[in-house]
Amino acid sequence: ERFLRPRIADLRPPSGMAGFEAAIDLLRTAWREHWRIGVFGDYDVDGVTTTTILTTYLEALGIEVVARVATREGGYGFSRIEAERLREAGVRMVLTGDCGTSDHDALAWLQGHGIPTIVIDHHQVPEQMPPAAALLNPHQLGCNFPFKGLCSAGVAFYLCASLRSALAREVSTPLPDPRLWLDLVALGTVCDMVPLVAENRILVRHGLAVVGQRRRPGVRALLEYAGVGIDEAIDETHLGFRLGPRINAPGRLGPAEPSLRLLRAGSVAEARAMAERVEGF
């Protein structure tokens, strides 16, 4: 029954995930004190969806963000140049998505300037831990989260859901439901080709349903340009072979910013304009 009809309630809690408590404490401080937060992600689908999840969820909480993604020319990972640009933009804290675990120079530079970082990643951890305030990576030593197959988008979902639970104890007003971001989680999970078992199977199963609702303007426009009919049932092949390659294309040839702007689009008109641009790659 759990395999055929997995429920969100079947997700195991992130209480054993190393770095989670420190990350939530930092984000609660940022929310209370109205910090501007910088978010930097890798240029592939997992990096772009992770950046979109983090930035749009934080914005839904009323936090001001600066969103940036890597460029092919700049190379993989979070560089010192990008760290300097975020500081120039006035951020008080930085989150990295699908990168950062090995980017010690940039993280140390931010640390030296009093800017804490939270690294959200799933790549292998080197012997030396990154100089970050919090590392959320299931592969790090001492992480007791039982499933190690999450991609960065999955880790980002857990972070947003946990932040909502923490803030719900402080406010009486309704807070945004992270389940509405599962379309992006499913995209990142399928396109990063992590195993579709355990938590990933649950996230993708429910994420496909959200994709099918076409609520997000960028996803709706992407489906239109990919030739997916309005009544066509969405499955993992649509994500892996129709949507994913389109999101990937800009970052493989240059800056991934068009894909980020597409998924972050707040209106149908903006989303269609960015989908047309992405389609041109």
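In the block above lies the structure referred to throughout.
Undergrad: How should I be thinking about the environment of Leu86 in this particular structure?
TA: Residue position: Leu86 is located in helix α3 (residues 80-88). Judged by its relative accessible area of 0%, Leu86 falls in the buried class. Residues Leu86 and Val39 lie 47 residues apart in sequence; the distance between their C-alpha atoms is 8.6 Å. Aside from chain neighbours lying at most four places away, what touches Leu86 is Gly38, Phe40, Val66, Arg68, Phe78, Val91 and Val94.

Undergrad: So what exactly am I meant to see when it comes to the packing of helix α5 (residues 152-168) against helix α6 (residues 182-191) here?
TA: What describes two packed helices is the angle between their axes and the distance between those same axes. In the contact formed by α5 and α6, the axes pass within 7 Å of each other and the chain directions differ by 155 degrees. With respect to α6, the axis of α5 lies roughly antiparallel. Seen from α5, the contacting residues are Ala153, Gly154 and Phe157; seen from α6, they are Leu182, Leu184, Val185 and Gly188. A per-class count over the contact of α5 with α6 returns five nonpolar, two polar and no charged.

Undergrad: Would you explain the nonpolar core in this entry?
TA: Soluble globular proteins: nonpolar side chains tend toward being buried together. Within the largest apolar cluster, 96 residues are counted, with the highest numbers of intra-cluster contacts made by Phe78, Leu95, Ile118 and Leu159. If one sorts the elements of this core by residue count, α5 sits on top with ten residues. Contacts of Ile118, omitting those with residues within four sequence positions, involve Ala23, Leu26, Leu27, Met93, Val94, Leu95, Thr96, Ala134 and Leu136.

Undergrad: So what exactly am I meant to see when it comes to the sheet that holds strand β3 (residues 93-97) here?
TA: Across a sheet, strands are paired by hydrogen bonds formed along the backbone, either parallel or antiparallel in direction. Spatial strand order, β2-β1-β3-β4-β5: five strands in an open sheet with parallel pairing. The strands lining the two open edges of the sheet, one partner per strand, are β2 (64-69) and β5 (134-136). In this sheet, neighbouring strand axes are inclined to one another by 15 degrees on average, regardless of whether the strands run parallel or antiparallel. The pairing of β3 with strand β4 (residues 117-120) spans four bridges and is parallel.

Undergrad: Teacher, can you tell me more about the packing of α6 against helix α9 (residues 236-253) here?
TA: Packing of α6 against α9 leaves a shortest axis separation of 9 Å and a crossing angle of 90 degrees. Comparing the axis directions of α6 and α9 gives the class roughly perpendicular. When α6 is examined against α9, the residues Ala186, Leu187, Val190 and Cys191 are found in contact with a partner set consisting of Glu236, Leu239, Gly240, Leu243, Gly244 and Ile247. For the contact of α6 with α9, the class distribution of residues is seven nonpolar, two polar and one charged.

Scoring rules and cut-offs
Residues numbered from 1 in each chain as written. Predicted model: local features only at pLDDT ≥ 70, side-chain atom pairs only at ≥ 80, totals over all residues. Heavy atoms only, no water. Helix = DSSP H or I, 4+ residues; strand = E, 2+ residues; numbered from the N terminus. Buried < 20%, exposed > 50% of the residue type's maximum accessible area, 1.4 Å probe, protein only. Contact = heavy atoms within 4.5 Å. Axes fitted to C-alpha atoms, helices over the stretch in contact; angles between N-to-C directions. Parallel < 35°, antiparallel > 145°, perpendicular 65-115°, else oblique. Nonpolar A, V, L, I, M, F, W, Y, C, P; charged D, E, K, R; others polar. Core = buried A, V, L, I, M, F, W, Y, C linked by side-chain atoms within 4.5 Å. Pairing = 2+ DSSP bridges.

The quantities given are spatial measurements derived from coordinates; they are silent on function.
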